[in-house]
Amino acid sequence: MNNTDFDIAIVGGGLVGASLALALASNWRVVLIERTAQQAPSYADGDWDNRIYAISPGSQAFLRTIGAWPPVRPGWIRKMDVRGDAGGAIHFDALDLAADALAATVENRSLQATLWQALANRVTLISPAEMQSVEFGADSVQLRLADDRVLNAKLAVAADGAQSWLREQAGIQFSRQPYHQCGVVANFTCERPHGDIARQWFRTDGILAWLPLPGNRISIVWSTDDDHAVKLRAMSSSDLANRVAMAGGRALGDLHCITPAAAFPLSLGRAAKVTGSRLALVGDAAHTIHPLAGQGVNLGFGDASMLASILNASPGRDPGDAYLLARYARSRAEDVLRMQMVCDGLQKLFSLQYPFLSPLRNFGLNLTDSAGPLKRLLMQQAFR
Ligand SMILES: Cc1cc2nc3c(=O)[nH]c(=O)nc-3n(C[C@H](O)[C@H](O)[C@H](O)COP(=O)(O)OP(=O)(O)OC[C@H]3O[C@@H](n4cnc5c(N)ncnc54)[C@H](O)[C@@H]3O)c2cc1C
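Not measured: the values here are computed from a predicted model. (Residues numbered from 1 in each chain as written. Predicted model: local features only at pLDDT ≥ 70, side-chain atom pairs only at ≥ 80, totals over all residues. Heavy atoms only, no water.)

### Some points on helix α7 (residues 296-312)
Then comes step 1: For α7, which comprises 17 residues, the first-to-last C-alpha distance of 25 Å matches the rise-based estimate of 24 Å (1.5 Å per residue) to within 8%.
Then comes step 2: Listing the buried residues of α7 in full gives V297, N298, L299, G300, F301, D303, A304, L307, A308, I310 and L311. (Helix = DSSP H or I, 4+ residues; strand = E, 2+ residues; numbered from the N terminus. Expected span 1.5 Å × (residues − 1). Buried < 20%, exposed > 50% of the residue type's maximum accessible area, 1.4 Å probe, protein only.)

See the structure below:
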């Protein structure tokens, strides 16, 4: 073996690709190829990433196992308060699950930096780098970089996001149903303490979520029609803060914007298959989901954790073995489909504006809130 021969080549070093590389590093020769150069993030007081994730307990456990938890300055969601558009409400409390928190809130760049630090000297990292071509052979995959370097691996993994280059090269179809909505994200300081409570409103103009950050800060995701997203992004920071405070019934008093708003397009996306000959797809390369349950990145960590545990359980075996890849595809199918259906169903239920539906869906929320076992089951599924 020379230094261009690897067991596993991962294209894309975002959160999912980097966590997979780390999870495989003890048993396999891994190369991670990432397009963008990594920079050490600033944790200055006023400097926050506007991409915040709610990391589930299951994802935290996975990240802890691979030495990438906790990241710098996490926040905690200990309760959740969800409001319908006509008086419905449901509340969740970590104490009902005998847990300390329902989820952690983490900046994208802080988690990315923690993963990259843990990766140092454990995998071969090629970054910044651009891919040129790939050839899937019977016994190996050959990857050519734009600088003409050639790498050989037994298995290639596409972790290169929703527009995956590697998935496209393999000719795997990706069905995409746009929601014609964007997720508008921004961070704010708030006048009153948030009490580690995540708040969410199903409104006629979209779904607004406030996630607690450390101190008196929150991060918002407002999933809303494209036109409304453009208007929100065009507002001055003080107008945006007022608008967001009002939309949330001024639950935390005045808000003050600390990061400019950004927006990302929302779609339900699904690859026709998550494996191919000597290929596996993980994270957004395999599926995209509506962010109303904050599960996009958690699904990706679930992929990384499952693929790593299947491969790590067969050390010395060919990691591109079709039997192992089929096990991976089978093991993830149900979780991913269920989460996509739940998020898609809720999005549709609350976006339809028929007069008879509004009381019905709000009644459903109240009913679930008062039905102990059903609510508990829902919590066990949502916060695992
Ligand atoms: C602004 C914004 C806010 C978001 N907020 C939320 C949220 O609140 N909650 C949530 O669950 N989800 C959110 N998402 C979605 C979430 O970011 C994704 O689900 C998650 O990042 C998927 O991780 P990934 O590693 O699979 O893909 P990505 O994060 O897309 O990472 C892919 C990586 O591959 C690299 N890459 C791409 N092409 C190549 C190539 N050809 N060669 C080498 N490298 C390549 C990219 O540089 C990138 O580092 C948000 C997305 C955006 C854009």
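### What about the environment of G345?
Then comes step 1: For G345, the location among the structural elements is in helix α8 (residues 322-351).
Then comes step 2: By relative accessible area, which is 35% here, G345 ends up partly exposed.
Then comes step 3: Sequence spacing of G345 and L102 is 243 residues, and the spatial spacing of their C-alpha atoms is 22 Å.

### Describing the nonpolar core
Then comes step 1: Within the largest apolar cluster, 44 residues are counted, with the highest numbers of intra-cluster contacts made by I10, L20, L24, I55, L63 and L115.
Then comes step 2: A per-element tally of this core places helix α1 (residues 15-24) first, with 8 residues.
Then comes step 3: Counting contributing residues, this core receives three or more from each of domain 1 (5-43 + 110-176 + 269-347) and domain 2 (58-109 + 180-266 + 354-382).
Then comes step 4: Ranked by size, the runner-up nonpolar core spans 24 residues in total, among them A9, A153, A156 and A286. (Core = buried A, V, L, I, M, F, W, Y, C linked by side-chain atoms within 4.5 Å. Domains from an automatic or database assignment.)

### A look at the domain arrangement of the chain
Then comes step 1: Here the domain parsing of the chain yields domain 1 (5-43 + 110-176 + 269-347) and domain 2 (58-109 + 180-266 + 354-382).
Then comes step 2: Measuring from the centre of the C-alpha atoms in domain 1 to the corresponding centre in domain 2 gives 28 Å.
Then comes step 3: Each side of the interface is counted separately: domain 1 has 24 residues, and domain 2 has 24 residues.
Then comes step 4: For the pair domain 1 and domain 2, the two sides together bury roughly 2000 Å², of which 62% comes from carbon and sulfur.
Then comes step 5: Together, Y43, S110 and L111 form the three largest contributors to the area buried by domain 1 at its contact with domain 2, with a combined 26%.
Then comes step 6: Applying the counting criterion to the domain 1 and domain 2 interface returns 0 salt bridges.
Then comes step 7: Joining domain 1 to domain 2, the criterion identifies 12 residue pairs in polar contact (both at pLDDT 80 or more).
Then comes step 8: Among the secondary structure elements, those contributing two or more residues to the side of domain 1 that touches domain 2 are α1, α3 (108-119), α7 and α8. (Contact = heavy atoms within 4.5 Å. Buried area = accessible area lost by both parts, 1.4 Å probe. Salt bridge = Lys/Arg side-chain N within 4 Å of Asp/Glu carboxyl O. Polar contact = N/O pair within 3.5 Å; in protein donor to acceptor, adjacent residues only side chain to side chain.)

### Section: the packing of α1 against α3
Then comes step 1: Put simply, α1 and α3 touch, their axes get as near as 10 Å, and they point 25 degrees apart. Taken together, the axes of α1 and α3 are roughly parallel relative to one another. Between α1 and α3 lies a crossing of left-handed hand. For the pair formed by α1 and α3, the contact residues are L15, A18, S19, A21 and L22 on the first element and N108, L111, Q112, L115, W116, A118 and L119 on the second.
Then comes step 2: By residue class, the composition of the contact of α1 with α3 is 9 nonpolar, 3 polar and no charged. (Axes fitted to C-alpha atoms, helices over the stretch in contact; angles between N-to-C directions. Parallel < 35°, antiparallel > 145°, perpendicular 65-115°, else oblique. Left-handed = near helix turned anticlockwise from the far one by under 90°. Nonpolar A, V, L, I, M, F, W, Y, C, P; charged D, E, K, R; others polar.)

### A look at the pairing of strand β12 (residues 174-190)
Then comes step 1: Where β12 and strand β17 (residues 262-271) come together, 10 bridges link them in antiparallel fashion. Across the sheet, the residue bridging to C182 is P265, located in β17.
Then comes step 2: With 9 bridges joining them, β12 and strand β15 (residues 217-225) adopt antiparallel strand pairing. Pairing of F188 across the sheet is with I218, part of β15.
Then comes step 3: As defined by bridge partners, β12 adjoins strand β16 (residues 255-257) across 3 bridges and the pair is classed as antiparallel. Bridged to C190 within β16 is L255. (Pairing = 2+ DSSP bridges.)

### Describing the sheet that holds strand β4 (residues 75-77)
Then comes step 1: Strand order in this open sheet of 3 strands is β3-β7-β4, and the pairing throughout is antiparallel. Strands with a single pairing partner mark the edges of an open sheet, and in this sheet they are β3 (52-55) and β4. Neighbour to neighbour, the strand axes of the sheet diverge by 30 degrees on average, direction disregarded.
Then comes step 2: Pairing of β3 with strand β7 (residues 103-107) involves 4 bridges; the strand directions are antiparallel. Bridge pairing in β7 links I52 to E107.
Then comes step 3: Where α3 meets the sheet, its contacts fall on β3 and β7, and the angle it forms with β7 comes to roughly 85 degrees.

### Quick notes on the site of the ligand
Then comes step 1: For the ligand, the set of nearby residues contains 25 residues, the closest of which are E34, R51, I52, Y53 and D284.
Then comes step 2: G296 has a polar backbone atom sitting 3.1 Å from an oxygen atom of the ligand.
Then comes step 3: Contact with the protein chains removes 84% of the 990 Å² of surface that the ligand exposes when unbound.
Then comes step 4: Those elements giving two or more residues to the shell around the ligand turn out to be α1, β3 and α7. (Near = heavy atom within 4 Å. Areas by Shrake-Rupley, 256 points an atom, 1.4 Å probe, with all protein chains shown as cover.)

### Overview of the side chain of Q200
Then comes step 1: In this fold, Q200 is placed in strand β13 (residues 197-203).
Then comes step 2: Look past the residues within four positions of Q200 in its chain and what remains in contact with it is M80, D81, V82, R83, I207, L208, A209 and L292.

### A word on the pattern of salt bridges
Then comes step 1: As enumerated under the stated definition, the model contains 18 salt bridges in all.
Then comes step 2: With its nearest N and O atoms 2.7 Å apart, the salt bridge here joins D303 to R332. You can see D303 sitting in helix α7 and its partner R332 sitting in helix α8, a full 29 residues away along the chain. Across the pair, R332 and D303 agree in class, each one buried.
Then comes step 3: Between D335 and R332 there is a salt bridge, with its nearest N and O atoms 3.3 Å apart. Here the residue D335 and the residue R332 both occupy positions in helix α8, the gap between them amounting to 3 residues, near one helical turn.
Then comes step 4: Where salt bridges share partners, they join D303, R332, E334, D335 and R338 into one cluster.

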